[in-house]
Structure formats: C-alpha cells, structure tokens
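An overview of the molecular structure
Chain residues, written in single-letter form:
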Amino acid sequence: MTFVVGVSSNAQIEFIEPSCGSGSFISKLLRTASTERISTITGVELNPRFAKAARSLWGSVAEIVEGDFLEWSANSKAQVNLMVANPPYVRHHHVTAERKGNNVRASSNELGITVSQLAGLYVYFLLLAHSLTPSARTRTGR
Ligand SMILES: C[S@@+](CC[C@H](N)C(=O)[O-])C[C@H]1O[C@@H](n2cnc3c(N)ncnc32)[C@H](O)[C@@H]1O
C-alpha cells in the first residue's frame, strides 16, 4: 500500500477494494494516506457476514456494498483511480458455465479481450474493474 499510494499521482484517491472481506486494504489505506488525499473509499463483498463486519469497522468512512463485484461493477456509476485487491482465487472448474459466459462476454464488450474459458475468477476481477476507471468512464459516458 505504501508503494501504490507513493506512485499514484497527486490526484485525490478514489479507492476500491473489490472483494474486501473485513476490509484489510481499507484499513491499510487509512493508515498510509492522509485523510486529505482520500476522496472516496468503496469495498464490495459477496459474503454477508464479512460485508457486515466491514461495514461495522469502516462504514463511517467507506461505502461498503454487499454483492457480487462482477455484477456491481457492470452497473455502478462509481469511478475509482486506485484499486488494491486480494480477489477470490476460484479456479475455472468451480465457476459455472453461465457465469463464465457472462464474464467472457462482459470483458469482451468492455475491453475487446476474449478471455480463455480456463481463466480463474480473479482474471475477471482485474479486467472488469477497468470499467470503473476514469478512461473507461470518459469512453462510455457512464
Ligand atoms: C481472498 S479473500 C480476500 C479478503 C480481503 N480482501 C483480504 O485480503 O483479507 C476473497 C474475498 O472475496 C469474497 N468474494 C468472493 N467472490 C466474490 C464476488 N463475486 N464479489 C465480491 N466478493 C467476493 C470472499 O467472500 C472473500 O471475502
């Protein structure tokens, strides 16, 4: 975190932890960057118990979304310029065919990249997070 905050531009930080658990990187960000540099903090977590824990820890300074990051990112108007993630390392044979199809289509639409059906879930986390960046926002006008 010290490194990424150090190399990120002087812009106000719009931070996201896309599979935040209880929010370990939110915690680290708050200990690394001054509050004046932080504009927004978002955490997204699928597991309701972790989302509840994250909200009770960070809800006063962060928006904690309970949901599936891959669906949320496709529909959200949020914009971020810094993401630090420890995504779910779900291997492809544990990802349903329907989900793979949706993710492959979404990454192809978003980035023009066709991902192998053998890719693990984390690949889509990285690719689809792109839709939240300023350059994608400018391109799509979302
Ligand atoms: C490897 S853990 C990382 C947790 C936290 N970032 C950390 O480093 O302590 C992955 C987390 O992703 C969550 N997760 C799994 N699938 C998800 C999804 N589709 N959207 C959001 N969170 C998800 C799991 O519930 C779990 O809390």
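Refer to the structure above for everything that follows.
First, a word on what this report is: a plain description of the structure on this page. Computed from a prediction, not measured in an experiment: that's the story for all the values here.

Scoring rules and cut-offs
Residues numbered from 1 in each chain as written. Predicted model: local features only at pLDDT ≥ 70, side-chain atom pairs only at ≥ 80, totals over all residues. Heavy atoms only, no water. Pairing = 2+ DSSP bridges. Helix = DSSP H or I, 4+ residues; strand = E, 2+ residues; numbered from the N terminus. Contact = heavy atoms within 4.5 Å. Axes fitted to C-alpha atoms, helices over the stretch in contact; angles between N-to-C directions. Core = buried A, V, L, I, M, F, W, Y, C linked by side-chain atoms within 4.5 Å. Buried < 20%, exposed > 50% of the residue type's maximum accessible area, 1.4 Å probe, protein only. Right-handed = clockwise from strand over helix to strand, strands pointing away. Near = heavy atom within 4 Å. Polar contact = N/O pair within 3.5 Å; in protein donor to acceptor, adjacent residues only side chain to side chain. Areas by Shrake-Rupley, 256 points an atom, 1.4 Å probe, with all protein chains shown as cover. Nonpolar A, V, L, I, M, F, W, Y, C, P; charged D, E, K, R; others polar. Parallel < 35°, antiparallel > 145°, perpendicular 65-115°, else oblique. Left-handed = near helix turned anticlockwise from the far one by under 90°. Phe/Tyr/Trp six-rings, centres within 6.5 Å; stacked < 30°, edge-to-face > 60°.

**Regarding the sheet that holds strand E1 (residues 13-17)**
Pairing in this open sheet of 4 strands is parallel, and the strands run E3-E2-E1-E4 from one edge to the other. Of all the strands in the sheet, the pair left with one neighbour each is strand E3 (63-66) and strand E4 (82-83). Where E1 lies against E4, 2 bridges are found, and the strand directions are parallel. Across the sheet, the residue bridging to Phe15 is Leu82, located in E4. Seen against the sheet, helix H2 (residues 24-32) touches E1, strand E2 (38-45) and E3 and runs at an angle of roughly 155° to E1.

**Regarding the nonpolar core**
By size, the foremost hydrophobic cluster in this structure holds 18 residues, and its most contacted members are Ile16, Val44, Phe69, Leu70, Trp72, Tyr124 and Leu132. The set of elements that each furnish at least two residues to this core consists of helix H4 (69-75) and helix H6 (121-128). In terms of residue count, H6 provides more of this core than any other element does, 5 residues in total. Not counting residues up to four positions away in its chain, the partners in contact with Val44 are Ile16, Glu17, Pro18, Ser19, Cys20, Val65, Gly67, Asp68, Phe69 and Trp72. Judged by nonpolar contacts, the second largest core, of 16 residues, contains Met1, Phe15, Ile26 and Ile64.

**With respect to the pairing of E2**
The buried count for E2 comes to 6 of 8 residues, which makes it a mostly enclosed element. Chirality of the crossover, the property in question, places the unit of E1, H2 and E2 among those that are right-handed. Looking at chain direction, E2 and E3 are connected through 4 bridges and run parallel. Along E3, the bridge assignment pairs Gly43 with Ile64. The handedness of the E2 to E3 crossover, carried by helix H3 (residues 48-58), is right-handed.

**Observations regarding the site of the ligand**
With respect to spatial proximity, 17 residues lie near the ligand, and among them Glu17, Ser19, Glu45, Asp68 and Phe69 are the closest. In this structure, Leu46 approaches the ligand through a main-chain N or O atom, which is 3.3 Å from a nitrogen atom. The fraction of the free accessible surface of the ligand (600 Å²) that becomes covered by protein chains is 78%. Per-class residue counts for the shell around the ligand are 8 nonpolar, 6 polar and 3 charged.

**Thoughts on the packing of helix H5 (residues 97-111) against H6**
Contact geometry for H5 and H6: axes closest at 10 Å, N-to-C directions at 30°. By the angle class used here, H5 and H6 are roughly parallel. Between H5 and H6 the crossing geometry is left-handed. For the pair H5 and H6, contact is made by Arg99, Asn103, Val104, Ala106, Ser107, Glu110 and Leu111 and by Leu121, Tyr124, Leu127 and Leu128, respectively. Class assignment for the residues of the contact of H5 with H6 results in 7 nonpolar, 2 polar and 2 charged.

**A closer look at the packing of aromatic side chains**
Throughout the structure, instances matching the rule amount to 3 aromatic pairs. Plain terms: the ring middles of Tyr89 and Tyr122 are 5.7 Å apart, the flat faces sit at 45° to each other, and that makes the pair tilted. You can see Tyr89 sitting in the loop between E4 and H5 and its partner Tyr122 sitting in helix H6, a full 33 residues away along the chain. On the basis of relative accessible area, Tyr89 is assigned to the exposed category, the value being 56%. With a relative accessible area of 36%, Tyr122 lands in the partly exposed category.

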